[in-house]
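Structure at a glance
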Amino acid sequence: MEIINHTELSTRRIETMFNRATAGWASTRLKVVVRYSRGAKYSGTFASHPSRIYVNIGRNNKYPMKIETSIAKAVSFRNSWWKPTYYIKVENAYQLALFVFLHEFYHYLVFRARRNPRRKEAMCDRFAIRYLVDHCKLKVFDSSRQPVHRSKWLFQDLDNFVATSRTIDAATRSATRAK
């Protein structure tokens, strides 16, 4: 993975965080650009040909920053349904960049696994938040500011859904050697 940093954040720290978070996943041909956004607090983009991730963070963000997500299970009542809003609070620009990167990286894994890319935003958020909860010790809260138990938001097998992304690079290298 090639990482290009156009911010004042430490490139070495970003590289270490991103590489640690994606260990075991195929990402050798991926290019990641970290830059300042033009106005939004944060955003990200995954482009498939060639594979690139753009991580955009606001230059003037205030931390800790609340990130609202739709990772909750849908709630239904009669003929309607909705998703409660759960959120995390990132403590600094590095955690924000990591959240955006991991969200977009899951889009990349879905693409590599040849899965349908539509309607995967909540899965991408779950993938990113799971890492932040496990490795940065962040907590997920509901709209009443109460902590949310992991089982309420992590109810899908995210790794199995994109499991073929773990081995695609190895398979490609083996096929190339055989020629």
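Placed above this text is the structure.
Described in the following lines is the structure provided in the data block. Quick caveat, the model's predicted, so the values are computed rather than measured.

What follows concerns the overall build of the protein chain. For the protein chain, the helix and strand inventory stands at five helices and eight strands. Secondary structure elements of the protein chain occur, N-terminal to C-terminal, as β-α-β-β-β-β-β-β-β-α-α-α-α. For a compact globule of 179 residues, the expected C-alpha radius of gyration is about 16 Å, and the protein chain comes in at 17 Å, within 12% of that figure. Expressed as lengths along the three principal axes of its C-alpha atoms, the size of the protein chain is roughly 60 × 40 × 25 Å. Looking at the protein chain as a whole, 44% of its 179 residues qualify as buried. At a minimum sequence separation of 6, the contacts of the protein chain that also span at least 24 residues come to 64%. For the protein chain, the exposed surface amounts to about 10600 Å²; the carbon and sulfur share of it is 47%. Each charge sign in the protein chain was given a centre, from 33 positive and 13 negative side chains, and these centres are 3 Å apart.

According to the stated counting rule, one finds nine aromatic pairs in the structure shown. Measuring from centroid to centroid gives 6.4 Å for W25 and F127, while their planes differ by 75 degrees, and the two rings are edge-to-face. Residue W25 is found in the loop between α1 (11-21) and β2 (31-36), and its partner F127 is found in helix α3 (residues 121-136); the two are separated by 102 residues along the sequence. F127 carries the same exposure label as W25, and that label is buried. Consider the rings of F105 and Y108, whose centres lie 5.5 Å apart with planes at 40 degrees: the pair is tilted. Within this pair, F105 and its partner Y108 are both found in helix α2 (residues 93-112), separated by three residues, close to a single helical turn. We classify Y108 as buried; its relative accessible area is 0%. Joined through ring pairs, the aromatic side chains of F18, F46, F101, F105, Y108 and F111 make up one cluster. Lying across the ring of Y36, R59 places its NZ or CZ 3.9 Å from the centre. In this structure, R166 packs its charged tip against the face of W25, placed 3.8 Å from the ring centre.

What counts, and at which threshold
- Residues numbered from 1 in each chain as written.
- Predicted model: local features only at pLDDT ≥ 70, side-chain atom pairs only at ≥ 80, totals over all residues.
- Heavy atoms only, no water.
- Helix = DSSP H or I, 4+ residues; strand = E, 2+ residues; numbered from the N terminus.
- Rg over C-alpha atoms; globule rule 2.2 N^0.38 Å.
- Buried < 20%, exposed > 50% of the residue type's maximum accessible area, 1.4 Å probe, protein only.
- Contact = heavy atoms within 4.5 Å.
- Areas by Shrake-Rupley, 256 points an atom, 1.4 Å probe, with all protein chains shown as cover.
- Lys, Arg positive; Asp, Glu negative; His and termini not counted.
- Charge placed at Lys NZ, Arg CZ, Asp CG, Glu CD.
- Phe/Tyr/Trp six-rings, centres within 6.5 Å; stacked < 30°, edge-to-face > 60°.
- Lys NZ or Arg CZ within 6 Å of the ring centre and 35° of its normal.

Everything listed here is a matter of coordinates, which is why it stays silent on function.
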